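Below, each chain spelled out in residue letters.
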Amino acid sequence: MTIKNINPIFFGTMILILLSSCHALVEDEFPDFIKTPVLNSTLQADSTIKVQLSYTANLKDSVPYPIENGIVVIASTTVIDTLAYTKDGWYESSHTAKAGTAYTCEVTIPGCEKLSAEIYVPQPTPIENVIFTEVAGKDEYGENISSFRFSIRNDTMNDQYWDVRMIEEGIHRRYNQEAKVWYDYFGSKQQSIYMIAGQDSVLLNEANPLTIFSNKKIAGPTYDVCFYFSERNTGFSPNYTHYIEFRSVTKSYYEFKKQYYIYDTADIEQVGSSAQNYSLYSNVKNGFGIFAGYSVSRFKIEF
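Residues numbered from 1 in each chain as written. Predicted model: local features only at pLDDT ≥ 70, side-chain atom pairs only at ≥ 80, totals over all residues. Heavy atoms only, no water.

(A) Structural view of the overall build of the protein. Helix and strand content of the protein: three helices and 16 strands. The 303 residues of the protein split such that 36% are buried. Sequence-distant contacts in the protein: of pairs separated by 6 or more residues, those separated by 24 or more amount to 62%. Total accessible area computed for the protein in this model is approximately 18,900 Å², and 52% of it derives from carbon and sulfur atoms. (Helix = DSSP H or I, 4+ residues; strand = E, 2+ residues; numbered from the N terminus. Buried < 20%, exposed > 50% of the residue type's maximum accessible area, 1.4 Å probe, protein only. Contact = heavy atoms within 4.5 Å. Areas by Shrake-Rupley, 256 points an atom, 1.4 Å probe, with all protein chains shown as cover.)

(B) Local environment of helix α3 (residues 251–265). The end-to-end C-alpha distance of α3 is 22 Å, a good match for the 21 Å that 15 residues give at a rise of 1.5 Å each. Inspection of α3 places Ser252, Tyr253, Tyr254 and Lys258 among the buried residues, and these make up the whole buried set. Where α3 is buried, its residues meet β1 (37–44), β8 (115–121), β11 (161–176), β13 (212–214), β15 (241–249) and β16 (288–300). (Expected span 1.5 Å × (residues − 1).)

(C) How the structure looks around the side chain of Ser230. Mapped onto the secondary structure, Ser230 falls in strand β14 (residues 222–230). In this structure, Ser230 is in contact with Asp139, Asn144 and Ile145, ignoring residues within four places of it in sequence.

(D) Highlighting the pattern of salt bridges. Within this structure, the stated rule accounts for ten salt bridges. In this structure, a network of salt bridges that share partners links the residues Glu169, Glu245, Arg247 and Arg298. (Salt bridge = Lys/Arg side-chain N within 4 Å of Asp/Glu carboxyl O.)

(E) Focus on the nonpolar core. The biggest cluster of nonpolar side chains holds 23 residues, and the ones touching the most others in it are Leu39, Tyr103 and Phe291. Breaking this core down by element, the ones donating at least two residues are β1, β2 (48–55), β3 (71–75), β7 (101–108) and β8. Apart from residues lying up to four places away in sequence, Phe291 is in contact with Leu39, Ser41, Leu43, Ile74, Tyr103, Cys105, Ala117, Glu118, Ile119, Ser252 and Asn283. By size, the runner-up hydrophobic cluster in this structure holds 22 residues, among which are Met195, Phe213, Val225 and Phe227. (Core = buried A, V, L, I, M, F, W, Y, C linked by side-chain atoms within 4.5 Å.)

(F) Region of the structure containing unusual backbone geometry. Between Asn208 and Pro209 the backbone carries a cis peptide bond, its omega angle lying at -5°. Following the sequence through the fold, Pro209 ends up in the loop between α2 (201–204) and β13. The phi dihedral of Asp46 is positive, around 75°, even though this residue is not glycine. Mapped onto the fold, Asp46 is located in the loop between β1 and β2. Asp46 gets classed as exposed once you look at its relative accessible area, which sits at 61%. At Asn129, a residue that is not glycine, the phi angle is positive and equals roughly 55°. With respect to the helices and strands, the residue Asn129 is situated in strand β9 (residues 128–138).

(G) Seen up close, a nonpolar patch on the surface. Taken together, Tyr260, Tyr261, Ile262, Tyr263, Tyr278 and Leu280 make up a surface patch of nonpolar side chains, about 550 Å² in accessible area. Tyr261 sits in the partly exposed class, given a relative accessible area of 36%. (Patch = residues over 30% accessible without salt bridge, like charges linked within 9 Å, V, L, I, M, F, W, Y side chains within 5 Å.)

Structure below.
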């Protein structure tokens, strides 16, 4: 029997049966799993303490389900505070996080084991001796690559972790998908920068992204940080205030960001390889998520 002699009704019926079989197979291979609580919070020094709670989502869920009936307690050496629920799984404190302070977060949710996590919000690391080089090289398009170099002090007795950023602060525009309208807000946006390992033993021992690094290989009391940006990808508008932002971060922040980079890039298929799956770092006991913190030093960029 040739294709042209097949009855159209028979052919259509067979297609429907095959599609139904495939649909059933997908459902069988991805069953619902037990929902696990997720705690996410990043404490920024001198900013209000906030914690978000949700449940892990199934493949058929469009968004994770927020947890509205949790009891969230943040404790430090000076304050014990029960956070108030606001919306979308967010709980907010009446206190601000302080640099140089250890925090413990404990969460009680009906029907679940108690969640807990702890961090130490580090003191900010000052930025010193900033040097701008307008032409530090050329990119593949022949356009200028510029750089900023600055010094930081290293505590050789303790582990330290940092995150280098360049930001623009001012009035930005954002689109509200629900209301279908544009609105203006005051805030900051991260600009595109990168760091090069070269012969630097510190960065040669770091996983990507190199803009997040530790003092594991810094032997002396100081270290010079250098980052690059191109005029093609980065602009300095007079409508914004521009800063070098240097974050002193917790180990949990460092570990999560390094692991997230692998997680985010693992599904990019390349010639001779297939997509891989990697789990995300979590420091939450009896649940998932990340409890982290940081403090900030800024240097205003003026040309």
